[in-house]
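# Summary of the model geometry
Each chain is listed here by its residues.
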Amino acid sequence: MCFSIGQALNMSLTLKPYSESYLLDTEMILGFIVSKTREYLRAHEDENLTEIQINQFKRMLCKRKQGMPVAYIVGKRCFWDFELKVNESVLIPRPETELLVEFALKSIRSLNGAERIADLGTGSGAIAIALARENPKCSVHAVDISSDALEIARTNARNLGVSNIIFHEGSWCDGLPDLNFDLIVANPPYISDSDSHLNEKSLLYEPRLALAAKNLGYSELNSIIQNSRKFLKKDSWLLLEHGYNQQKYLIKELSRFGYSDILGLKDYADIDRMVAARWEAIDS
Ligand code: GLN
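Residues numbered from 1 in each chain as written. Predicted model: local features only at pLDDT ≥ 70, side-chain atom pairs only at ≥ 80, totals over all residues. Heavy atoms only, no water.

## Describing the sheet that holds strand 3 (residues 116-120)
Spatial ordering of the open sheet is given by 5-4-3-6-9-11-10, a layout of seven strands whose pairing is mixed. Strand pairing shows two members of the sheet lacking a second neighbour, strand 5 (165-169) and strand 10 (260-266), which therefore form its edges. Mean inter-strand twist for the sheet, computed between neighbouring axes without regard to direction, equals 15 degrees. Of the strand pairs in this sheet, strand 4 (residues 139-144) and strand 5 are connected by five bridges, and their pairing is parallel. Across the sheet, alanine 142 pairs through a bridge with phenylalanine 167, a residue of strand 5. Packed on one face of the sheet, helix 8 (residues 147-159) meets strand 4 and strand 5 and runs near 170 degrees to strand 5. Strand contacts of helix 12 (residues 247-256): strand 9 (232-241), strand 10 and strand 11 (272-279), with the helix running at about 10 degrees to strand 11, the strand carrying the most contacts. (Pairing = 2+ DSSP bridges. Helix = DSSP H or I, 4+ residues; strand = E, 2+ residues; numbered from the N terminus. Axes fitted to C-alpha atoms, helices over the stretch in contact; angles between N-to-C directions. Contact = heavy atoms within 4.5 Å.)

## Structural notes on the site of the ligand
Residues in contact with the ligand, as listed here, are Leu91, Arg94, Glu96, Asn187, Pro188, Pro189, Tyr190, Leu203, Ala210, Leu211 and Glu241. Proline 188 has a polar backbone atom sitting 2.7 Å from a nitrogen atom of the ligand. The side chain of tyrosine 190 places a nitrogen or oxygen atom 2.8 Å from a nitrogen atom of the ligand. Here the ligand has 300 Å² of accessible area as a free molecule, and 86% of this is covered by the chains. For the shell around the ligand, the residue count by class is seven nonpolar, one polar and three charged. (Near = heavy atom within 4 Å. Polar contact = N/O pair within 3.5 Å; in protein donor to acceptor, adjacent residues only side chain to side chain. Areas by Shrake-Rupley, 256 points an atom, 1.4 Å probe, with all protein chains shown as cover. Nonpolar A, V, L, I, M, F, W, Y, C, P; charged D, E, K, R; others polar.)

Shown next as structure tokens:
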């Protein structure tokens, strides 16, 4: 039986009831199977697929209909200027987290370079790898409580030839070595564990540990704000991603715990998304 790239792309319509991005999803899945770009697919619609490719395509489309995110189906996701391997033990890196990277680079420039950075809850290693690539002379300490996540992060660093990241298994600051940092960044879980959004199909595939937190989503953010102080150098920066309705409270908490120059930033969708604060205290 012959089955062309064009016919496969037409099958995107069967995905329409399940996904708003049904065409893009289909192109990404098919592109993965034939190891070609989306542009190639469009220019070669008459080309036939092999039987193995057809079966793989149908299986993957079926997984998408069940709600599995495309990144998990194809096992990868782009972030910053590179591609990361992902699986269900790590959060799928979001474009809004690139804002954290952008601001981190700005902070590093304002410090005239950084010697040591920490990424708490590194997951796939997205933030740590972006910062390590942009600052090859800097040591990046990447912490995660999940050994499965660390395995993915290590693989990603290795695949991208990044050698200036030191990985630690542990919970937030407890995972850090006894050193002081120029910058601590984190995209911790911040969705309230009672939020009904967590039952959305797409989120069900992602590790709950990386998404949800107690105390209306503040428990891990609070822990990082309090405990980072012991690990920050004088005039260093703490940058945290957070949920759409958490900025006001976090700014108050940062101020209560002695941080200064506190800034709240919005993401590209104009949603409050991260806080940045300076730690001015003298070196401990
Ligand atoms: N931004 C993600 C979402 O809303 C959550 C990521 C996180 O909890 N750190 O789906």
